[in-house]
Amino acid sequence: MISPLAYIHPEAKIGENVEIGPFVYIDKNVTIGDNNKIMPNVNILYGSRIGNGNTIFPGAVIGAIPQDLKFRGEESTAEIGDNNLIRENVTINRGTAAKGRTIVGSNNLLMEGVHVAHDALIGNGCIVGNSTKMAGEIVIDDNAIISASVLMHQFCRVGGYVMIQGGCRFSKDIPPYIIAGREPITYCGINIIGLRRRGFANEVIENIHNAYRIIYQSGLNISDALNKVETDVPMSPEIEYIVSFIRNSERGIIK
């Protein structure tokens, strides 16, 4: 299961049933779980932590030092969960002193050429399209879909169950359950098809829609709009998530 043409540092920890192709480089201070498939020419560098059942395609680089001039060689990690598909030439940098960890959760698909910068946090069940670039300390909540060639500014957050159109760039937060697109990026309605596919009840979808009608179409400022949502829309975990996300947004939300 391990090619004789691969290099594995003697201090690396490799689990059971791991397939490692030729010209793979695995550094010291690396832990790899069970049932992973690591294809040729993958680099897994110092500080990488990889769970179980992942498939890593040729040319991926995990755990490279951050592209951050403030980095001074501090101990940090790049942590990947279970059952992810990490396609060709994906780069996932390890953390800095800011947070110490870059984290990619479980059951994600990172398509070819995706870059995950230092201290980023990607949740579970996300799809990230080809050549999308995520700057340092971003957060992507669970089940988000980000299309190809999207540019995500440092410190931004993307809410769960969103759909972001290909080629977008943004420097503000994108709240949950919506479609975002156009240039400059704007709110384009809620992600109805995505929510139905995920099993959201029609009543819940309608309440989400009503909340965003107030937030984006009432003419109220954000603070007053959120107060009105809490008064006029039946409270549920989904509505609480929307209100909390927007209230706690440090960069503000897209228009």
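Throughout what follows, the structure given in this document is the object of discussion. Residues take numbers from 1 onward in each chain, read along the sequence in its written order. Note on the predicted model: pLDDT of at least 70 is required for a residue's local features to be given, and 80 or more for side-chain atom pairs to be given and counted; whole-chain, interface and lining totals, by contrast, use all residues. Derived side-chain values reflect all non-hydrogen atoms in the structure, with water molecules and hydrogen atoms excluded from consideration.

**Some words on the packing of aromatic side chains**
Aromatic rings from Phe, Tyr and Trp, taking only the six-membered ring of Trp, are treated as a pair when their centres fall within 6.5 Å; an angle between ring planes under 30 degrees marks them as stacked, one over 60 as edge-to-face, and anything in between as tilted. With the rule as written, the count across this model stands at nine aromatic pairs. A centroid spacing of 5.8 Å and a plane angle of 75 degrees characterise the contact between Tyr 177 and Phe 200, whose relative ring orientation is edge-to-face. Of this pair, Tyr 177 sits in the loop between strand E25 (169-170) and strand E26 (178-181) while Phe 200 sits in the loop between helix H1 (192-197) and helix H2 (202-217), placing them 23 residues apart in sequence. Ring centres of Tyr 241 and Phe 245 lie 6.3 Å apart, and the angle between their planes is 80 degrees; this geometry places the pair in the edge-to-face category. Where helices and strands are cited, they refer to DSSP runs of H or I of at least four residues and of E of at least two residues respectively, numbered from the N terminus.

**Quick word on the sheet that holds strand E22 (residues 151-152)**
A pair of strands is considered paired only if DSSP assigns at least 2 bridges between the two. The strand order E1-E4-E7-E10-E13-E16-E19-E22-E25 describes an open sheet built from nine strands, whose pairing is parallel. Strand pairing shows two members of the sheet lacking a second neighbour, strand E1 (7-8) and E25, which therefore form its edges. Across two bridges, E1 lies against strand E4 (residues 25-26) in parallel orientation. What sits directly across from Ile 8, in E4, is Ile 26.

**Some details on H2**
With 16 residues, H2 ought to run about 22 Å at 1.5 Å a step, and its terminal C-alpha atoms sit 21 Å apart, in line with that. Contacts: residue pairs with any heavy atoms within 4.5 Å of one another. As for H2, its buried residues are in contact with E26, strand E27 (186-190), H1, helix H3 (222-232) and helix H4 (237-247). Remark: Gly 219 follows H2 within two positions and exhibits a positive phi of approximately 85 degrees. By this rule, a helix spans an expected 1.5 Å times one less than how many residues it contains.

**Focus on the sheet that holds strand E17 (residues 121-122)**
The sheet built from eight strands is open, its strands ordered E2-E5-E8-E11-E14-E17-E20-E23 with parallel pairing. Each having just a single partner strand, strand E2 (13-14) and strand E23 (157-158) make up the two edges of the open sheet. Here two bridges tie E17 to strand E20 (residues 139-140), and the two strands are oriented parallel to one another. Following the sheet pairing, Leu 121 is matched in E20 by Val 139.

**Brief notes about the pairing of E27**
Looking at chain direction, E26 and E27 are connected through three bridges and run antiparallel. If you follow Ile 178 over to E27, its bridge partner there is Ile 190. Counting the residues in the hairpin turn of E26 and E27 gives four residues, including Arg 182, whose phi is positive at 70 degrees.

**A word on the pattern of salt bridges**
Criterion for a salt bridge: a side-chain nitrogen of Lys or Arg within 4 Å of a carboxyl oxygen of Asp or Glu. Evaluation of the coordinates by the stated rule reveals nine salt bridges. A salt bridge links Asp 141 to Arg 157; its shortest N-O distance comes to 2.8 Å. Here Asp 141, found in the loop between E20 and strand E21 (145-146), pairs with Arg 157, found in strand E23; they are 16 residues apart in sequence, far enough to count as distant. Looking at Arg 157, the relative accessible area reads 27%, which means it is partly exposed. Across the pair Glu 230 and Arg 247 runs a salt bridge, and its minimum N-O distance is 3.0 Å. Residue Glu 230 is found in helix H3, and its partner Arg 247 is found in helix H4; the two are separated by 17 residues along the sequence. Each residue gets one of three labels from its accessible area relative to the maximum for its type: buried under 20%, exposed over 50%, partly exposed in between, using a 1.4 Å probe on protein chains only. In this structure Glu 230 comes out as partly exposed when scored by relative accessible area, which is 38%. On the accessibility criterion, Arg 247 (43% relative accessible area) is partly exposed.

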